Amino acid sequence: MRSIAVFSVKGGVGKSALAVNLAHAAATISGRRTLLWDLDAQGAATHMLRLAARPDISARKGIADGELIPLVQASDFARLDVLAADKSLRHLERQLTEDDKSKRLKKLIKSFEKDYDRVVLDCPPGLTELAEQVFRAVDLLVVPMLPSPLSMRAFDQLIEHLAKHHKSYAPALLPVFTMVDRRKTLHRDTIAAAPGRPVIPYAAAIEAMASTRLPVLAKAPGSPAARAFSVLWTDVERTLAKRG
Ligand SMILES: Nc1ncnc2c1ncn2[C@@H]1O[C@H](COP(=O)(O)OP(=O)(O)OP(=O)(O)O)[C@@H](O)[C@H]1O
Ligand SMILES: [Mg+2]
């Protein structure tokens, strides 16, 4: 089992869109038994896969009790399951801060080992206690960023943070340019300065996911956006394989 977190300090950079499409690609392109874990109380990833939190269940309590498997829901896609987000996750940060178990998340991810091949986490933005636990737990961080110098700077700061505070263990990093508009000089120049870095275009098909509530590879498989996600998924698998 390998775990992948879609993470960024910044909000609104396309994390949830990436998490949904990567999890879908894991299940459909690679045939992996995949769990998408929505850790953001907003529940955007859950919504985009046509699911909702069950009213009788608290995701935060499931995390506290270490009992998450009963909370898993099947998606409309074979091999793709979802741990839905709900509003209780708004209090997750406080709980994790008060709790003295700095590896709680790591332990929970390990508990998925026999049921899943890939676990994809959709994280809320920010360098929070949850983020620190994610850094201790996952194999790979996929970090979406807008093609701008400030986003590049934020990524450098993340590398520094990991080098300083996560010396004994840090996940592999895969930075990804998102919402790329090649008509913009700034976008073209920023991408040219980081050759080989994966690129997800600014695309109506991705923007529409909130209303279609379908991954792009399911709704528009021949589109440039779908191809970009499929190439990115290959990069993810290659990065995981290199890490061993
Ligand atoms: N490549 C893209 N092209 C066009 N629109 C996009 C793209 N990626 C994301 N969007 C749109 O941008 C908005 C933000 O995307 P998303 O919710 O995935 O970001 P996020 O980083 O998860 O945000 P948050 O920090 O609030 O969790 C959404 O309306 C989404 O549909
Ligand atoms: Mg999000």
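Residues numbered from 1 in each chain as written. Chains lettered and ligands numbered in written order. Predicted model: local features only at pLDDT ≥ 70, side-chain atom pairs only at ≥ 80, totals over all residues.

Novice: Mind showing me how you'd approach the overall build of the protein here?
Specialist: Counting its regular elements, the protein contains 12 helices and eight strands. Relative to the 2.2 N^0.38 estimate, which gives 18 Å for 244 residues, the radius of gyration of the protein is 17 Å and therefore close to what a compact globule would have. With respect to the three principal axes, the spread of C-alpha positions in the protein is 50 × 40 × 35 Å. Looking at the 244 residues of the protein, the share that counts as buried comes to 42%. Within the protein, residue pairs in contact and separated by at least 24 positions form 76% of the contacts whose partners lie at least 6 positions apart. (Helix = DSSP H or I, 4+ residues; strand = E, 2+ residues; numbered from the N terminus. Rg over C-alpha atoms; globule rule 2.2 N^0.38 Å. Buried ≥ 20, exposed ≤ 12 C-beta atoms within 10 Å, placed from the backbone. Contact = placed C-beta atoms within 7 Å.)

Novice: What should I look at first to understand unusual backbone geometry in this one?
Specialist: For residues that are not glycine, phi is negative in most cases, and the peptide bond is trans in most cases. Not every positive phi belongs to a glycine, and arginine 50 is a case in point at roughly 60 degrees. Looking at the element boundaries, arginine 50 is found in the loop between helix 2 (44-48) and helix 3 (59-65). Overall, the presence of 12 C-beta atoms within 10 Å leaves arginine 50 in the exposed class. Positive phi values are uncommon outside glycine, yet arginine 213 reaches one of about 55 degrees. Within the secondary structure layout, arginine 213 lies in the loop between helix 10 (209-212) and helix 11 (216-219).

Novice: Help me understand the site of ligand 1, please; the structure alone is not making it clear to me.
Specialist: The local shell around ligand 1 holds 20 residues, among which Gly11, Gly14, Lys15, Ser16 and Ala17 are the closest. When residues of the shell around ligand 1 are traced back to their parent elements, those giving at least two are helix 1 (15-28), strand 7 (172-180), helix 9 (204-207) and helix 10. The dominant element in the shell around ligand 1, judged by the number of residues it contributes, is helix 1, at three residues. Across the shell around ligand 1, the residue classes tally to 11 nonpolar, six polar and three charged. (Near = placed C-beta within 6 Å. Nonpolar A, V, L, I, M, F, W, Y, C, P; charged D, E, K, R; others polar.)

Novice: Even after reading the chapter, I still don't get the sheet that holds strand 8 (residues 199-201), so can you show me in this structure?
Specialist: Whenever strands of a sheet pair, they do so through backbone hydrogen bonds, lying parallel or antiparallel. What the eight strands build is an open sheet, ordered 3-4-2-5-1-6-7-8; its pairing is mixed. Unpaired on one side and paired on the other, strand 3 (72-74) and strand 8 mark the two borders of the sheet. Taking each pair of neighbouring strands and ignoring which way they run, the sheet shows an average axis angle of 25 degrees. When strand 6 (residues 140-145) meets strand 7, the two strands line up parallel, connected through six bridges. The partner of leucine 141 across the bridge, within strand 7, is leucine 173. (Pairing = 2+ DSSP bridges. Axes fitted to C-alpha atoms, helices over the stretch in contact; angles between N-to-C directions.)

Novice: Help me out: how do you make sense of helix 6 (residues 129-137) in this one?
Specialist: Think of an α-helix as 3.6 residues a turn; residues three or four steps apart then line up on the same face. Every buried residue of helix 6 is listed here: Leu130, Ala131, Gln133, Val134, Phe135 and Ala137. Here the buried face of helix 6 lies against strand 1 (2-6), helix 4 (92-98), helix 5 (104-110), strand 5 (118-122) and helix 7 (149-165).

Novice: Where do I start with the pairing of strand 7 in this structure?
Specialist: For a regular strand, side-chain orientation follows a simple rule: the groups alternate between the two sheet faces. Crossover connection from strand 6 via helix 7 to parallel strand 7: handedness right-handed. In the sheet, strand 7 pairs with strand 8 via two bridges, with the strands oriented parallel. When the sheet's bridge partners are listed, valine 180 is paired in strand 8 with proline 201. Regarding topology, helix 8 (residues 185-192) serves as the crossover connection from strand 7 to the parallel strand 8, and that connection is right-handed. (Right-handed = clockwise from strand over helix to strand, strands pointing away.)

Novice: Honestly, the nonpolar core in this entry has me stumped. Any pointers?
Specialist: The tendency in soluble globular proteins is for nonpolar side chains to be buried side by side. By size, the foremost hydrophobic cluster in this structure holds 71 residues, and its most contacted members are Leu22, Leu36, Val120, Val134 and Val142. Per-element accounting of this core gives the leading share, nine residues, to helix 1. Beyond its immediate sequence surroundings of up to four residues, valine 142 is in contact with Ile4, Val6, Leu18, Leu22, Leu174, Val176 and Val236. (Core = buried A, V, L, I, M, F, W, Y, C linked by C-beta atoms within 7 Å.)

Novice: How do you make sense of the pairing of strand 4 (residues 80-83) when you look at a structure like this?
Specialist: Burial of strand 4 is two-sided: the residues Leu80 and Val82 facing one way and the residues Asp81 and Leu83 facing the other way are all buried. Where strand 2 (residues 34-38) and strand 4 come together, four bridges link them in parallel fashion. Its bridge partner being in strand 4, leucine 35 is matched across the sheet by aspartate 81. Bridging between strand 3 and strand 4 involves three bridges; their strand directions are antiparallel. Following the sheet pairing, valine 72 is matched in strand 4 by leucine 83. Between strand 3 and strand 4, which pair antiparallel one after the other, the connecting turn spans five residues, and arginine 79 there sits at a positive phi close to 70 degrees.

Novice: Could you clarify how one ought to interpret the packing of helix 1 against helix 12 (residues 224-243) in this entry?
Specialist: Geometrically, a packed helix pair is captured by the angle between its two axes and the distance between the axes. The N-to-C vectors of helix 1 and helix 12 enclose an angle of 75 degrees; their axes lie 9 Å apart at closest approach. Taken together, helix 1 and helix 12 sit at an angle that is classed as roughly perpendicular. In contact with Asn21, Leu22, Ala25 and Ala26 of helix 1, helix 12 contributes Phe229, Ser230, Leu232, Trp233 and Val236. Looking at the contact of helix 1 with helix 12 residue by residue, the class counts come to seven nonpolar, two polar and no charged. (Parallel < 35°, antiparallel > 145°, perpendicular 65-115°, else oblique.)

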